[in-house]
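Examining the three-dimensional arrangement
Now for the letters of each chain:
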Amino acid sequence: MQFWRRKSLWLALSASWLLLILLGASPLLRLAVSPRPQPATPQGWPHWLDAALLQSFSQPEEPPEDVPQPSQALHGARCSWGTCFDTSRCRDDGLKVFAHPAAGTASETHRRILASLEGSRYHARSLTEACLFLLLSQGTSAGQCGPAPHHWDGGRNHLVINLHPDSCPRASQLGQAMVAEASPRVDTFRPGFDVALPLLPEAHPFRGGAPGQLRQHSPHPSAALLALGEEGGRWHTASTHSATCPWDGRCEQDLGPKQTHPGEKLPNATFCLIPGRRAEASRFLQALQAGCIPVLLSPHWELPFSEVIDWTKAAIVADERLPLQVLAALQEMAPARVLALRQQTQFLWDAYFSSVEKVIHTTLEIIQDRILGTSAHPSLLWNSPPGALLALSTFSRSPQDFPFYHLQQSSHPEGRFSALIWVGTPSQPPLKLIQAVAGSQHCAQIMVLWSRERPLPFRWPETAVPLTIMDGPRKVSDRFFPYSAISTDAILSLDAHSSLSTSEVDFAFVVWQSFPERMVGFLTWNHFWDESQDGWGYTAEMANEFSMVLTAAAFYHRYYHTLFTHSLPEALRTLADEGPACADVLMNFLVAAVTKLPPIKVPYGKLHQEAAPLAPGVPGSRPHPQPPDQDCINQMAAEFGHMPLVSSRLRLDPVLFKDPVSVQRKKYRSLEKP
């Protein structure tokens, strides 16, 4: 009896499993998304989890069109990071790159890339200082190759950058060199050694770049739209109804009204279907910029920067042979998931793809991560704002040390700050200011940067916190140098002429602890567009809007000193040395470019405001553009490639500030004194 029961149960289970197979096992046919990339393992395109259940639609002897064939002469096919790159040439101060000069006439893009490298932290002035040698391929889409440079050494420790796919067909001559190529084929790409680049359009901006267009292209969540590329760079838009299969010629249903825009290159849709053919890879960046979720149909090209970017947060990979299942899965996707994917497309576009310069720097940062090890940039830093290019591994390898990741890490900045007082010419010793700052319960130390020609005073006030005097001539930009003596996360930047009370310092620091990634200050400026001058200007006039806080009295994270010194181009730091106003503008540009947020203003005493300095060349009564010799804001906007400043109308005051209640109930009662 027991035997027959077991046999009946076994037959029932077998029949159920067979029925599931015949019916299609719908959950397995929804979507194919890549697993979360691990830092130690280079990531390529994902594979279907149910590949064993799917029969090929083509015969083995008849390969389908566009499927890449095995290459007979791979460039250094046996090369890997451990065998073809000598890390002993690299010092502890990070990646240093020497770019070979162009052979013959260099293109405009070539010259601008070399100029960008010369002003970056990667630049090496000579061959002996470099551990990576950069060769910008002179090949074009026509397949012409440039000659090999001197000191080629068989390609060892070389990186060949091809901004065009297959721009140089003599791949076998590259030897042991790494290749950074646009949309490389999956059968020739060497994970962990080569770098996959995006396919950039000819008119792609070199610096800055256009912002993401999610706000301008946002169809209603209840009406998810599907876009498929057409000839001429246009997109066809249809509904995501499961009976519609825009890329399958066997569909008999009506695709719905076409929504083509001849003068518009970006799709206005929720999902963008991108065929797997290599020629369609250029549409990938269009989808990212538009905030349209890329749905890649059996792609035959490697995903850009797949070694470090977790594309499962921004894109979907599907099998082009199952159109109805894919469309059904898109239609059933939760709105929260759709929103998260679209938001990630905007972050990735802005952080790594919006300009040629960002693409080049991302490539070099990936190689630097390989040199420093897998812990150089955790996945969180690559795949969360502001991105790995703005989270320098030379500062720290722990996300908790940066001002951007406290929310994700469930951490808080420490409760102490360091005061940094700049004493320039013509300033008096800030004795009263030192006493007021030292009286703060949150102050850990005070550092005075004495840059006057006059000798130091013999007597300094006695304080309960350490007081350090650093004497010597300094440039204005040196006030933002990452001094090793600064041990706290927060810095209170001050000028000798600043005037603050202890209560103002305490309240401003408490506000900064809630917004450690932003600048918190007292005195504000605002930028504006001057139509008559066709340029930017800034004003110190008190108004209802502001976009900058003066570093003469402001809190910010010490990491911005590292970014200021090691990330900004040398030309911008030189510009800041022209005057304190330019240094203020540049620090505000930097923080706004990183956070995409405005600074925060806190209350400041009326007497202090009357004594505060105005912007150079700006009368106190009305805004007026700066004289040409002090007009640094336009030069900085040109160097950044866009205007990063964000205006705000918000000021944070203490609770009960100026409320008609007893003064004894107010924590920062001295803020209300005239």
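Residues numbered from 1 in each chain as written. Predicted model: local features only at pLDDT ≥ 70, side-chain atom pairs only at ≥ 80, totals over all residues. Heavy atoms only, no water.

Focus on the packing of aromatic side chains
Filter applied, for reference: Note on aromatic contacts: the rings of Phe and Tyr and the six-membered ring of Trp form a pair at centre separations within 6.5 Å, being stacked when their planes are under 30 degrees apart, edge-to-face when over 60 apart, and tilted otherwise. Numbering of helices and strands starts at the N terminus; helices are DSSP runs of H or I of at least 4 residues and strands are runs of E of at least 2. Should the NZ of a Lys or the CZ of an Arg lie within 6 Å of a ring centre and within 35 degrees of the ring normal, that charge is described as sitting over the ring.
Counting across every chain of the model gives 28 aromatic pairs. Plain terms: the ring middles of phenylalanine 480 and phenylalanine 564 are 4.9 Å apart, the flat faces sit at 55 degrees to each other, and that makes the pair tilted. A residue pair is termed long-range when its members are at least 10 positions apart, and phenylalanine 480 in the loop between strand E13 (467-471) and strand E14 (490-495) and phenylalanine 564 in helix H12 (residues 559-566) qualify at 84 residues. A cation sits over an aromatic face here: arginine 283 above tryptophan 235, 5.2 Å from the ring centre.

A closer look at helix H7 (residues 356-372)
Our working definition: Multiplying 1.5 Å by the helix residue count minus one yields the expected span of that helix.
Spanning 17 residues, H7 covers 25 Å between terminal C-alpha atoms, matching the ideal 24 Å at 1.5 Å per step. Backbone geometry just after H7 places glycine 373 at a positive phi near 115 degrees.

Examining the sheet that holds strand E16 (residues 524-530)
Short version of the rule: We call two strands paired when DSSP finds no fewer than two bridges between them.
With respect to topology, three strands assemble into an open sheet ordered E17-E16-E18, the strand pairing being antiparallel. What marks the edges here is a single partner per strand, and that holds for strand E17 (535-539) and strand E18 (548-549).

Notes on the pattern of salt bridges
Let me state the cut-off plainly: One speaks of a salt bridge when a side-chain nitrogen belonging to Lys or Arg is within 4 Å of a carboxyl oxygen belonging to Asp or Glu. Accessibility here uses a 1.4 Å probe with only protein chains present; expressed as a share of the type maximum, an area under 20% marks a residue as buried, one over 50% as exposed, and anything in between as partly exposed.
What the rule picks out here adds up to 19 salt bridges. A salt bridge links glutamate 181 to arginine 278; its shortest N-O distance comes to 3.1 Å. One end of the pair, glutamate 181, is in strand E4 (residues 178-182); the other, arginine 278, is in the loop between strand E8 (271-275) and helix H4 (282-290), and 97 residues separate them in sequence. Judged by relative accessible area, glutamate 181 falls into the buried class, the value being 8%. Across the salt bridge formed by glutamate 307 and arginine 370, the nearest N and O atoms sit 2.6 Å from each other. Here glutamate 307, found in the loop between strand E9 (293-297) and strand E10 (316-318), pairs with arginine 370, found in helix H7; they are 63 residues apart in sequence, far enough to count as distant. Taken individually, glutamate 307 and arginine 370 each receive the classification buried, so the pair is uniform in this respect.

Let's talk about the sheet that holds strand E5 (residues 195-197)
Where we set the bar: What counts as an axis is a line fitted to C-alpha atoms, over the stretch in contact for a helix, and the angles between N-to-C directions run from 0 to 180 degrees. Any two residues having at least one pair of non-hydrogen atoms within 4.5 Å are treated as being in contact.
Taken in spatial order, the five strands of this open sheet run E1-E2-E3-E4-E5, and their pairing is parallel. Lying at the two open borders of the sheet, with one neighbouring strand each, are strand E1 (97-99) and E5. Adjacent strand axes in the sheet meet at a mean angle of 20 degrees when their direction is disregarded. Relative to E5, E4 runs parallel, the two being bridged by three bridges. Looking at the pairing, alanine 182 lines up with leucine 197 of E5. Sheet contacts for helix H3 (residues 108-118): E1 and strand E2 (132-136); angle to E2, the most-contacted strand, approximately 160 degrees. With respect to the sheet, H7 is in contact with E1, E2, strand E3 (158-162), E4 and E5, its orientation differing from that of E5 by roughly 165 degrees.

Concerning the nonpolar core
The nonpolar side chains of a soluble globular protein tend to be buried, and buried together. Test applied: Definition of nonpolar core: a set of buried residues of the types Ala, Val, Leu, Ile, Met, Phe, Trp, Tyr and Cys, connected through side-chain atoms within 4.5 Å.
By size, the foremost hydrophobic cluster in this structure holds 89 residues, and its most contacted members are Phe417, Val437, Ile446, Phe555, Phe589 and Met636. Looking at which element gives the most residues to this core, the answer is helix H14 (residues 580-595), with 12 residues. Setting aside anything within four residues of it in sequence, one finds isoleucine 446 in contact with Ala419, Ile421, Ile434, Val437, Ala438, Val465, Pro466, Leu467 and Thr468. In this structure, Phe193, Phe206, Trp301 and Leu389 belong to the second largest nonpolar core, which totals 64 residues.

Here we look at the pairing of E14
A regular strand places its side chains so that they alternate between the two faces of the sheet. In terms of burial, E14 is largely enclosed, as six of its six residues are buried. Of the pairings in the sheet, the one linking strand E11 (residues 417-423) to E14 comprises six bridges and is parallel in character. If you follow leucine 420 over to E14, its bridge partner there is serine 493. Sheet topology places E14 next to strand E19 (residues 553-557); five bridges connect them, and they run antiparallel. Bridging from a neighbouring strand, alanine 490 pairs with histidine 557 of E19.

Considering the confidence of the model for the protein
The following threshold applies: Confidence of the predictor at the level of single residues is captured by pLDDT, which takes values from 0 to 100.
The predicted model of the protein has a mean per-residue pLDDT of 79, with 75% of residues at 70 or higher. Looking across the protein, the model is least confident in helix H15 (residues 606-611), with a mean pLDDT of 53, and most confident in E19, with 97. Low pLDDT (under 50) marks residues 18-75, which in the prediction has 92 contacts with non-local residues, meaning those over four places away or in another chain. The low-confidence segment residues 249-257 (pLDDT under 50) makes eight contacts with residues lying over four places distant or belonging to another chain.

Some points on the packing of H3 against H7
In plain terms, the rule: These descriptions rest on fixed angle ranges, namely under 35 degrees for roughly parallel, over 145 for roughly antiparallel, 65 to 115 for roughly perpendicular, and the rest for oblique. Handedness of each helix crossing follows the sense of rotation of the near helix against the far helix: counterclockwise by less than a right angle gives left-handed, clockwise gives right-handed. Gly counts as polar in this scheme, as do all residues outside two lists: the nonpolar Ala, Val, Leu, Ile, Met, Phe, Trp, Tyr, Cys and Pro, and the charged Asp, Glu, Lys and Arg.
Remark: H3 packs on H7, axes separated minimally by 11 Å, with the N-to-C direction vectors making an angle of 55 degrees. Judged by the angle between their axes, H3 and H7 are oblique. As H3 runs across H7, the sense of the crossing is right-handed. Residues Ile113, Ser116 and Leu117 of H3 form the contact with H7, whose own contacting residues are Val356, Glu357, Ile360, His361 and Leu364. Of the residues in the contact of H3 with H7, the class split is five nonpolar, two polar and one charged.

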